[in-house]
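# Secondary and tertiary structure notes
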Amino acid sequence: MIIKLSIVIGCGYFIYAKLVDNEQLKFTVFYKNLIENDLFSIENIFFITVFTVFNWFLEILKWKYLVGFVKDISFIEASQQSLSSLTTSLVTPNRIGEYGAKAMYFNKKHRTQIVGLNLVGNFYQMFITLFLGCIGFSYFIFNHKIKVDFPLILKGLLIAVIVFSVLFFILKRINFKGFSFEKVRNFIKRIPLPLNIKVAILSMLRFIIFSHQFYFILLIFKVDILYFNAISAISSVYLIASTIPMLSLFDVILKGSVAIWVFSFFNMPSLIILSTTTLMWILNFVLPAIIGCYFVLTFKPNFTK
C-alpha cells in the first residue's frame, strides 16, 4: 500500500509542479488564454473530449488485442491496465515503468510475454510517429527552405548506429532467468501477421487523432495556418520530441520547446504554442493519469505462477 500511495502522491506532485510552477508558461497566463479564446464553450469542450476519448479508446483497444495473443481480457480490464500503467510510468524515463506495471496484472508464466507484447505495441506507435514524422519534417524543411547541416546529421546517424549496435550486442548476450534475447525474438516471430497489421493500423489512427487534436486546438486559438503546413509542423514536433529520452512528466516542456522552434517559421506567438502543448499534455496524460490513480490504489498484484 505504501508503494501505491508513493506512486500516486509522486504523480500528483509532479503534475502540480509542471502546471503551477512551469517556468515556460505560468498557470494564470495559461488559464487566462483559455478563457479569452472561449475554450470552455460547450462546442469546443465536446470536440476536445471526443478527440481525447477516441485517442485512449484506440490505445486500450490496441492493448486488448495484443494481450489476446496470450489471454483474453475484457475492454474494462484493458482500460484498468492501460491507465494504471500510465500513472506509474509518468515518473520513469520514456515511460519504461509501463512495462512492469502491466506485467504485474498477470501470473508469472505470462509476464515475459506481456513485456514483449507491450514492446511490440510501443514499437508500432514509435514506428508510425517516425515514419509520418519524417514525411512531415521533409515537407516542412523543403517548404521553408531550411538549411540543414548534413555533416552534423551524418555524425548523429553514425553515433546512433554505433549505440544501437552496442545495445544489440549486449542484449544478445543477456540471459537472465526466464529471459534472453533469443526468447524475445522467437516470441515476437510467433505473433501472427493479422495481429501485427491490426496493431499497426490502430497506431496510425492514434497518430492521426492526436495530431488533429493539436490542429483543432490551434484553430480554437484562432491561428491562421494552412492545413498541410500545420500537419507537417505537428508531425515534425512529435518526430523530434519522440527521439529524445525524457521523463514523461517533462514531456510538456520538451514538446513546448520543440513546438516553439517549429512554429516560429509561421510567426506564431510562443504563448499560443505553449498553451496548445500544455493543453494536449493535460488532456492526453494528466486526466488519464488521474483516473489511473484509482486503479493503482485498488490494484492487487497477481502472485500466481
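Use the structure listed above.
Model, not experiment: these values are computed from the prediction. (Residues numbered from 1 in each chain as written. Predicted model: local features only at pLDDT ≥ 70, side-chain atom pairs only at ≥ 80, totals over all residues. Heavy atoms only, no water.)

## Examining the overall build of the protein
Across its full length, the protein holds twelve helices and zero strands. Secondary structure elements of the protein, listed N to C terminal, follow the sequence α-α-α-α-α-α-α-α-α-α-α-α. For the protein, restricting intrachain contacts to residue pairs at least 6 apart in sequence, the fraction spanning at least 24 positions comes to 76%. Split by element, the accessible area of the protein, about 16,800 Å² in all, is 72% carbon and sulfur. (Helix = DSSP H or I, 4+ residues; strand = E, 2+ residues; numbered from the N terminus. Contact = heavy atoms within 4.5 Å. Areas by Shrake-Rupley, 256 points an atom, 1.4 Å probe, with all protein chains shown as cover.)

## Thoughts on the packing of helix α4 (residues 75-89) against helix α12 (residues 270-297)
α12 packs onto α4 with a crossing angle of 105° between their chain directions and a minimal axis gap of 7 Å. One way to sum up the angle between α4 and α12 is to call them roughly perpendicular. Contacts from Q80, L83, S84, L86, T87 and T88 in α4 reach N284, F285, P288, A289, I291, G292, C293, F295 and V296 in α12. Residue classes in the contact of α4 with α12 are distributed as nine nonpolar, six polar and no charged. (Axes fitted to C-alpha atoms, helices over the stretch in contact; angles between N-to-C directions. Parallel < 35°, antiparallel > 145°, perpendicular 65-115°, else oblique. Nonpolar A, V, L, I, M, F, W, Y, C, P; charged D, E, K, R; others polar.)

## Brief notes about α12
An α-helical turn contains 3.6 residues, so a residue and the one three or four places further along point in the same direction. With 28 residues, α12 extends 38 Å between its outermost C-alpha atoms, agreeing within 8% with the 40 Å of an ideal straight helix rising 1.5 Å per residue. At I282, α12 is deflected by roughly 40°, the largest bend along its length. (Expected span 1.5 Å × (residues − 1). Bend = angle between axes of the 7 residues up to and from the residue.)

## Some remarks on unusual backbone geometry
Even without glycine at this site, K222 takes up a positive phi of about 60°. Tracing the sequence through the fold places K222 in the loop between α9 (193-220) and α10 (227-242). Taking the relative accessible area as the measure of exposure, K222 reaches 60% and is therefore exposed. The phi dihedral of N267 is positive, around 55°, even though this residue is not glycine. (Buried < 20%, exposed > 50% of the residue type's maximum accessible area, 1.4 Å probe, protein only.)

## Some points on the nonpolar core
Core analysis: the largest hydrophobic core is formed by 40 residues, its most contacted members being L218 and F263. Elements represented by at least two residues in this core include exactly α3 (42-67), α6 (108-144), α9, α10, α11 (251-263) and α12. It is α9 that provides the largest number of residues to this core, a total of ten residues. L218 has contacts with V223, I234, F263, I272, I273 and T276, leaving out every residue within four places of it along the chain. If you look at the next biggest cluster of nonpolar residues, it comprises 27 residues, including I73, A78, L90 and W281. (Core = buried A, V, L, I, M, F, W, Y, C linked by side-chain atoms within 4.5 Å.)

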